[in-house]
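Working through the structure, step by step
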Amino acid sequence: CPPYKYYPSQPCTMPAKYSKTPENPTKSVCAKGSNLRVHFKNTRETAQAIKGMKLRKAQKYLKDVVEKKQAVPFRRYNGGIGRKAQGKMHPRHNGQAGWPK
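Calculation rules
- Residues numbered from 1 in each chain as written.
- Predicted model: local features only at pLDDT ≥ 70, side-chain atom pairs only at ≥ 80, totals over all residues.
- Heavy atoms only, no water.
- Helix = DSSP H or I, 4+ residues; strand = E, 2+ residues; numbered from the N terminus.
- Buried < 20%, exposed > 50% of the residue type's maximum accessible area, 1.4 Å probe, protein only.
- Contact = heavy atoms within 4.5 Å.
- Areas by Shrake-Rupley, 256 points an atom, 1.4 Å probe, with all protein chains shown as cover.
- Salt bridge = Lys/Arg side-chain N within 4 Å of Asp/Glu carboxyl O.
- Patch = residues over 30% accessible without salt bridge, like charges linked within 9 Å, V, L, I, M, F, W, Y side chains within 5 Å.
- Lys, Arg positive; Asp, Glu negative; His and termini not counted.
- Charge placed at Lys NZ, Arg CZ, Asp CG, Glu CD.

1. Considerations on the overall build of the protein chain
Along the protein chain, the regular secondary structure elements total two helices and two strands. Taken across its 101 residues, the protein chain has 20% of its residues classed as buried. For the protein chain, restricting intrachain contacts to residue pairs at least 6 apart in sequence, the fraction spanning at least 24 positions comes to 38%. As displayed, the protein chain offers around 9100 Å² of accessible surface, 54% of which is attributable to carbon and sulfur atoms.

Here it is, written out as structure tokens:
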């Protein structure tokens, strides 16, 4: 957004840019959040886990994560994340998994 000289509290209304356009826009969705009270690193790992899943499968997966039946593999931000037995489902990530809130 260009800097507002006289109205600094006015929100920015520039459209969001996405890296890809969907093949079928009627069956696709793009989402964006700002000023959310979430941990960025947990959100990033959860998004990577459900990326490419069908909607019903992703919903079931997230429900299982809340109930601690499945764990989210931590790939990039894995410092201080302990190893969990459910991390064996994702063998490339050294068992480092967790249940982000």
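From this point on, the discussion continues.
2. Structural notes on helix H1 (residues 40-50)
Every buried residue of H1 is accounted for by Arg 44, Glu 45, Thr 46 and Ala 49. Its buried side turned inward, H1 meets helix H2 (55-66) and strand E1 (72-73).

3. Describing the pattern of salt bridges
Evaluation of the coordinates by the stated rule reveals three salt bridges. Between Glu 67 and Lys 69 there is a salt bridge, with its nearest N and O atoms 3.2 Å apart. By relative accessible area, Glu 67 is classed as partly exposed at 44%. Since its relative accessible area comes to 53%, Lys 69 is described here as exposed.

4. Considerations on the environment of Ile 50
Its place among the elements puts Ile 50 in helix H1. Take Ile 50: its relative accessible area is 25%, and that puts it in the partly exposed class. Spatially, the C-alpha atom of Ile 50 lies 8.3 Å from that of Leu 62, the residues being 12 residues apart in sequence.

5. Focus on unusual backbone geometry
A negative phi angle characterises most non-glycine residues, just as the trans form characterises most peptide bonds. Non-glycine residue Asn 35 carries a positive phi angle of around 55°. Checked against the element boundaries, Asn 35 lands in the segment before H1. For Asn 35, a relative accessible area of 81% corresponds to the exposed category. Within the chain, Lys 68 stands out as a residue other than glycine whose phi angle is a positive 60°. Looking at the element boundaries, Lys 68 is found in the loop between H2 and E1.

6. Describing a positive patch on the surface
Taken together, the side chains of Lys 20, Lys 51, Arg 75 and Arg 92 present a region of like positive charge at the surface. The exposure class of Arg 92 is exposed, given its relative accessible area of 77%.

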